Amino acid sequence: MVKKMHLLIVEDEVAIRTGLVDVFVYHGYDVDFAEHGEEGLRKALSGLYDLILLDVMLPGINGFEICERIRQQDRYQPVIMLTARTSDEDIVQGLTLGADDYVSKPFSVTQLVLRVQAVLRRARIGDEMEAEIHLKNGLLIDTQNLCAGDDVVFTRREMDVLEYLNSQAGRPVSREELLVKVWGYASQMEIETRTVDIHIAKLRRKIEQDASNPEVIVTVRGAGYRLMVSMSE
Ligand code: CA
């Protein structure tokens, strides 16, 4: 028997919360919810949930703080942030704090269900990927522990991007393909393409000698991004 996925929805607006609970129960999820920040934080840190949908603007502790606390405890806990904020700065903040994805209100319920499925799928695939990636510049990526050496730490999403690029054996991968395969988007929009670029920029700062002159994640004009791995094996 397939295990039911256990979802936590942290959302103070009753209409949205009730709607989300109904939708995910309909899709076969086991759903719990929290109505304010303190309750959300307590439940989120319980380790009981396969995925947490987290509103940003909450009474009490806000969603960014909750996300940060979750990450201090568990780097692998899948989290999707829900928010009315759409500026680049807020997206960067959410991603920096380690959310796996970021959905802006008003959102399409179908799109949200697909994104939840994609994050859960990647969380499972992450268990089966190669343990190490040897980059062209000598850096050794530990895919299980989301790090390279002692100093470089990756978010789950950054590692998913690296693993997907690595799985494509040096082929350039377009932003659109990354959005579909790594983020689980059904179609692309401008803001989502920027999300890919933000992640690539963050990865380059972590793994390139000179992020302004990348040699590991190379941009192939008109084709996308190519990961340069070590050929010495
Ligand atoms: Ca809210």
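### Some details on the overall build of the chain
Thought 1: Helix and strand counts for the chain come out as eight helices and eleven strands.
Thought 2: When contacts within the chain are restricted to residue pairs at least 6 apart in sequence, those whose partners lie at least 24 apart make up 57%.
Thought 3: Counting only carbon and sulfur atoms, one obtains 52% of the accessible surface of the chain, whose full area is about 11,400 Å².

### Quick word on the nonpolar core
Thought 1: In this structure, I141, F154, L162, L178 and I217 are the most contacted members of the largest nonpolar core, which totals 26 residues.
Thought 2: For this core, the secondary-structure elements that each account for two or more residues are α6 (156-167), α7 (175-183), α8 (190-207) and β11 (224-227).
Thought 3: Filtering out sequence-adjacent residues up to four positions away, I217 remains in contact with L162, L165, I200, L203, R204, I207, E208, Y225, R226 and L227.
Thought 4: Counting 20 residues, the second largest nonpolar core, distinct from the first, contains A44, F64, I66 and Y102.

### Some details on the coordination of the calcium ion
Ideal values for angles at a metal depend on the geometry: 109.5 degrees with four tetrahedral donors, 90 or 180 degrees with six octahedral donors.
Thought 1: Only D12 (OD), D55 (OD) and M57 (O) from the protein coordinate the calcium ion, and they sit 2.1 to 2.3 Å from it.
Thought 2: Sequence spacing of the donors to the calcium ion: D-x42-D-x1-M. Pair noted here: D12 is in the loop between β1 (6-10) and α1 (14-26) and D55 is in strand β3 (residues 51-55), with a separation of 43 residues, a long-range link.

### Topic: the sheet that holds strand β4 (residues 79-83)
Strand pairing in a sheet takes place through backbone hydrogen bonds and is either antiparallel or parallel in direction.
Thought 1: In spatial order, the strands read β2-β1-β3-β4-β5; together these five strands make up an open sheet with parallel pairing. The sheet terminates laterally at β2 (30-34) and β5 (101-104), the two strands that pair on one side only. Ignoring which end each strand starts from, the neighbouring axes of this sheet average 20° apart.
Thought 2: Pairing of β3 with β4 involves four bridges; the strand directions are parallel. The residue bridging I52 from the neighbouring strand is V79, located in β4.
Thought 3: Against the sheet, α1 makes contact with β1, β2, β3 and β4, and its axis sits at roughly 165° relative to β2, the strand it touches most.
Thought 4: Running at roughly 140° to β2, helix α2 (residues 37-44) makes contact with β1, β2 and β3 of the sheet.

### Observations regarding unusual backbone geometry
Thought 1: In this structure, the amide linkage connecting K105 to the following residue, P106, adopts the cis form with an omega of -5°.
Thought 2: Structurally, the position occupied by P106 is in the loop between β5 and α5 (109-125).
Thought 3: The phi torsion at L146 lies on the positive side, around 55°, for a residue other than glycine.
Thought 4: Following the sequence through the fold, L146 ends up in the loop between β7 (140-142) and β8 (147-148).
Thought 5: Judged by its relative accessible area of 0%, L146 is buried.

### Concerning the pattern of salt bridges
Thought 1: As enumerated under the stated definition, the model contains twelve salt bridges in all.
Thought 2: Across the pair K43 and D32 runs a salt bridge whose closest N-O atoms are separated by 3.4 Å. In this pair, K43 sits in helix α2 while D32 sits in strand β2, placing the two residues eleven residues apart along the sequence.
Thought 3: Note on K43: relative accessible area 16%, which makes it buried.
Thought 4: Look at the salt bridges and you will find they share partners, linking E11, E13, D55 and K105 into a network.

### A look at the side chain of R71
Thought 1: Tracing the backbone shows R71 in helix α3 (residues 63-73).
Thought 2: A relative accessible area of 14% means that R71 is categorised as buried.
Thought 3: In this structure the side chain of R71 is engaged in a polar contact, spanning 3.1 Å, whose partner is the side chain of D100.
Thought 4: Contact partners of R71, with chain neighbours within four places excluded, come to Y76, Q77, V79, L97, G98 and D100.

What counts, and at which threshold
Counting of residues starts from 1 at the beginning of each chain's written sequence and follows it residue by residue. Per-residue local features are limited, in this predicted model, to residues with pLDDT of at least 70; the limit for side-chain atom pairs, both in listing and counting, is 80 or more; totals at the level of whole chains, interfaces and linings are taken over all residues. In computing side-chain properties, one takes all heavy atoms of the structure into account and sets aside hydrogens as well as water. Numbering of helices and strands runs from the N terminus; a helix is a DSSP stretch of H or I covering at least four residues, while a strand is a stretch of E covering at least two. Whether two residues are in contact is decided by their heavy atoms: any pair within 4.5 Å suffices. In short, Shrake-Rupley with a 1.4 Å probe defines the accessible areas, and a residue's cover is counted only from the protein chains shown. Definition used in this section: a nonpolar core is a set of buried Ala, Val, Leu, Ile, Met, Phe, Trp, Tyr and Cys residues joined via side-chain atoms within 4.5 Å. Three labels apply to residues, based on accessible area from a 1.4 Å probe with only protein chains included: buried if under 20% of the type maximum, exposed if over 50%, partly exposed otherwise in between. Water is not part of the atom set, so a site may look incomplete; the donors themselves are N, O and S atoms within 2.8 Å of the metal, or 3.2 Å for Na, K and Ca. DSSP calls a pair of strands paired once it identifies at least 2 bridges connecting them. Helix axes are fitted only over the stretch in contact, all axes being lines through C-alpha atoms; the angle between N-to-C directions runs from 0 to 180 degrees. Only one rule defines a salt bridge in this text: a Lys or Arg side-chain nitrogen within 4 Å of an Asp or Glu carboxyl oxygen. Throughout this description, a polar contact denotes any pair of N or O atoms lying within 3.5 Å of each other; where both atoms belong to protein, one of them has to be capable of donating a hydrogen while the other can accept it, and for residues adjacent in sequence the pair is counted only when both atoms sit in side chains.

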